[in-house]
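For reference, the chains in residue letters:
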Amino acid sequence: MDSFNMQQLISDMNINWTPIFAATVFGAGALFLFGKWRNNQKIQKKILNAQKRRDVSLQRAEQAVQQFKMQNPDFEGGSIVSLSLSELTGKLEEGSLQPDAVLHAFIEKALEVNRNLNCNTEIITESVAQLKDINTQKKGLLYGVPISIKENITYKGYNSTCGVVGKLDQPAVMDSVLVTVLKKQGAIPFVKTNIPQGLLNYDCSNPIYGQTLNPHNLKKTPGGSSGGEAALIGGGGSILGIGSDIAGSIRIPASFSGICGFKPTSKRLSLQGISNCIKGQKSVLSSPGPMAKDVESLALCMRALLCQDMFTLDPTVPPIPFNLKVYESSEPLRIGYYENDGYTQPTPSMARAVRETKDLLERAGHTLVPLQPLRLYEVFHELALKGSFADGGCTFFSHLKEGPVDPCLCNQDILLSIPGFIKKFLSFLLKPFYPRLAACMNAMVGVGSIAELWRLHANVEEYMNEVIAEWRRLNVDVLLCPIIGPAYNLGYSGHLNSVLSYTGLYNMLNFPAGTVTVSTVTEEDEEQLSQYKGAFGDPWDKLLIKAIKGGVGLPVAVQCVSLPWTDEMCLRFMREVEQLTAKSKLT
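Here's a quick rundown of the structure. Worth saying up front: this structure is predicted, and the values here are computed from it rather than measured.

So, the side chain of Thr265
Here is step 1 of the chain: By the element assignment, Thr265 lies in the loop between β7 (260–263) and β8 (287–292).
Here is step 2 of the chain: Setting aside residues up to four positions removed in sequence, Thr265 forms contacts with Ser287, Asn510, Pro512, Pro564, Trp565 and Asp567.

Description of the environment of Phe68
Here is step 1 of the chain: Structurally, Phe68 is set in helix α2 (residues 17–71).
Here is step 2 of the chain: Relative accessible area serves as the criterion here: at 7%, Phe68 is assigned to the buried category.
Here is step 3 of the chain: Between the C-alpha atom of Phe68 and that of Ser257, which follows or precedes it by 189 residues, the distance is 31 Å.
Here is step 4 of the chain: Every residue in contact with Phe68, bar those within four places of it in the chain, is listed here: Phe75, Asp100, Ala101 and His104.

Here we look at the nonpolar core
Here is step 1 of the chain: By size, the foremost hydrophobic cluster in this structure holds 163 residues, and its most contacted members are Tyr488 and Tyr506.
Here is step 2 of the chain: Counting residues per element, this core draws most heavily on helix α5 (residues 99–117), at ten residues.
Here is step 3 of the chain: If sequence neighbours within four positions are ignored, Tyr506 has contacts with Arg251, Lys263, Tyr338, Leu479, Cys481, Phe511, Ala513, Gln559 and Val561.
Here is step 4 of the chain: Among the nonpolar cores identified, the runner-up in size contains seven residues, and Ile47, Ala50, Ile208 and Tyr209 belong to it.

Digging into the layout of surface pockets
Here is step 1 of the chain: Taken as a whole, the largest pocket spans an internal volume of roughly 650 Å³.
Here is step 2 of the chain: Forming the boundary of the largest pocket are 36 residues, of which Leu385, Phe389, Gln412, Asn497 and Leu500 lie nearest the centre.
Here is step 3 of the chain: Top element by residues in the lining of the largest pocket is helix α14 (residues 376–388). It accounts for four residues.
Here is step 4 of the chain: For the lining of the largest pocket, the residue count by class is 23 nonpolar, 13 polar and no charged.
Here is step 5 of the chain: If you add up the space inside the second largest pocket, you get close to 540 Å³.
Here is step 6 of the chain: Tallied by class, residues from the lining of the second largest pocket come to nine nonpolar, 14 polar and six charged.

Side note on unusual backbone geometry
Here is step 1 of the chain: Cis geometry marks the peptide bond from Gly224 to Ser225, where omega comes out at 10°.
Here is step 2 of the chain: In this chain, Gly485 is followed by Pro486 through a cis amide linkage whose omega measures -5°.
Here is step 3 of the chain: Residue position: Pro486 is located in the loop between β11 (478–482) and α20 (501–508).
Here is step 4 of the chain: A positive phi angle, close to 75°, is found at Leu199, a residue other than glycine.
Here is step 5 of the chain: Relative to the helices and strands, Leu199 is located in the loop between β3 (188–193) and β4 (205–206).
Here is step 6 of the chain: Exposure remark for Leu199: the relative accessible area of 8% places this residue in the buried category.
Here is step 7 of the chain: The phi torsion at Asn510 lies on the positive side, around 60°, for a residue other than glycine.
Here is step 8 of the chain: Residue placement: Asn510 occurs in the loop between α20 and β12 (513–520).

About the thresholds
All residue numbers refer to positions counted from 1 along the written sequence of the respective chain. Local features are withheld for residues below a pLDDT of 70 in this predicted model, meaning they are given only at 70 or higher, and side-chain atom pairs are given and counted only at 80 or more; totals for whole chains, interfaces and linings count all residues. Excluding hydrogens and water, the side-chain figures rest on all heavy atoms present in the structure. Runs of H or I in DSSP of at least four residues are treated as helices and runs of E of at least two as strands, each being numbered from the N terminus. Whether two residues are in contact is decided by their heavy atoms, any of which lying within 4.5 Å being enough. The buried label goes to any residue with under 20% of its type's maximum accessible area, the exposed label to any with over 50%, and the partly exposed label to all in between, with areas taken from a 1.4 Å probe on protein chains only. We define the nonpolar core as a collection of buried residues of types Ala, Val, Leu, Ile, Met, Phe, Trp, Tyr and Cys that are connected through side-chain atoms lying within 4.5 Å of one another. Cavities and pockets were defined on a 1 Å grid built from protein atoms only: a cavity is a group of points that admits a 1.4 Å probe but offers it no way out, a pocket is an open group of points flanked by protein on both sides within 12 Å along at least five of seven lines, and a lining residue is one with an atom within 4 Å of any such point. Grid points are joined across faces, edges and corners, and a volume is the space filled by probe spheres set on the points. The residue classification treats Ala, Val, Leu, Ile, Met, Phe, Trp, Tyr, Cys and Pro as nonpolar and Asp, Glu, Lys and Arg as charged. All others, Gly included, are polar.

Printed below as a string of structure tokens:
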């Protein structure tokens, strides 16, 4: 018998393979598209469920307020929310105000502010139930004080999504350490606030909860990533809040929204139970911190948190109580300062704010000494930016794959999706024309090996020692410098990472830093924008002008910095700036 011939057999069958191949390809394509459609449907359902949960919490809160007002016809929430924190705590302590009235007053105001600004992600309905046991915390420093918390700070039973769909439907199984300690100090966490998608952006928008607006101008962003906190506090819907800061995420929104914000030394406050999208990154450190309308409120919050309860719950936090003696000191300070970091030319209002604050400090008897950042161009690219994206942005980018990418993050999404070798090639092409853009593009390639990452960490440590040595040489106690501002028009924050040189530096150095509002944008500031050239004359400099246009009347702030673990000294300096500014406005 002839041997088997497959080719002859196929030929004899006389089969036309073209339509079979086409049908196979079509079927595979249809299955792929169907799978993608099904996945999109699941994602949209997740988002809709989260939005429904938020709406339900807002409705329940509205009902709780209405019921309380019916039961208490003399209730007047406006007089309560207008108090300062020190006035509020005093009235709660003496009993002339009760915690239930205070809580419902702030819930009512938070709902009102949210209708205009979209700053709340959920009202914490358990806050009303907490009132039943609140009298057991009468000795707490924050007894009866309602507190807002950033969305990524965990509260049992609530999501901490960081604005990404992949973290939805994962309610926390327990409170974060900070929330636990706040409750033990008598505080009542009552609302979670909005953030930008992924947290690595200083706008405040995400596909789940939408865009938050600035309390002073609805065409502007409140900043980020603690933008919901800043907007709510700036709008009067919260008296004290907790944010987190990795490259200015407390300080920038505080500046944009006209409040005060403080980033402590990292690990001074517990990080347990705080969610993020780049867990494990150690080059540029994150830190939770308080946000409020005045510095005294920030200091009170730090005093309350730096207690034995926190040191016991999180043994990795150094057991260093708040040093009230340093904070209340009135000794003259020796203050370093700079108006321009040399990397990003400050806007006219930023520069003026530093000059005017410097003059006030000198007239008050303090000594001001020029202190310019060391090697900032190299350090910002090769240490801060490369350290933040040491993995080429893979970890952060992975969180964006599930679900839509928010418009405020599209630019970062595109950059992170470009393969490393193409980034290097683009960097090479850009370098002769736009060296700053080229250096940033190259830094975002990340590191190529563990050995290179270790060298980067060693270089960060060496740079920190170099900066501290310079402070010691000049014998300065604290530093005065600009903070990004005024608030940007919507849609620009994701395109202007160059300005983070003013804030990200102090996360990398792990120096405590805070923001104090000192002025507002004038007509003259606005007119001077026509003469703004920038430090490099590149697209970033030109874009910055467009970002801040139309800012007359918006808040303007300065930044105060001190050495690691001297958080009380930084707050003391912030209080001095605040008090001198207030006095100057009375004369």
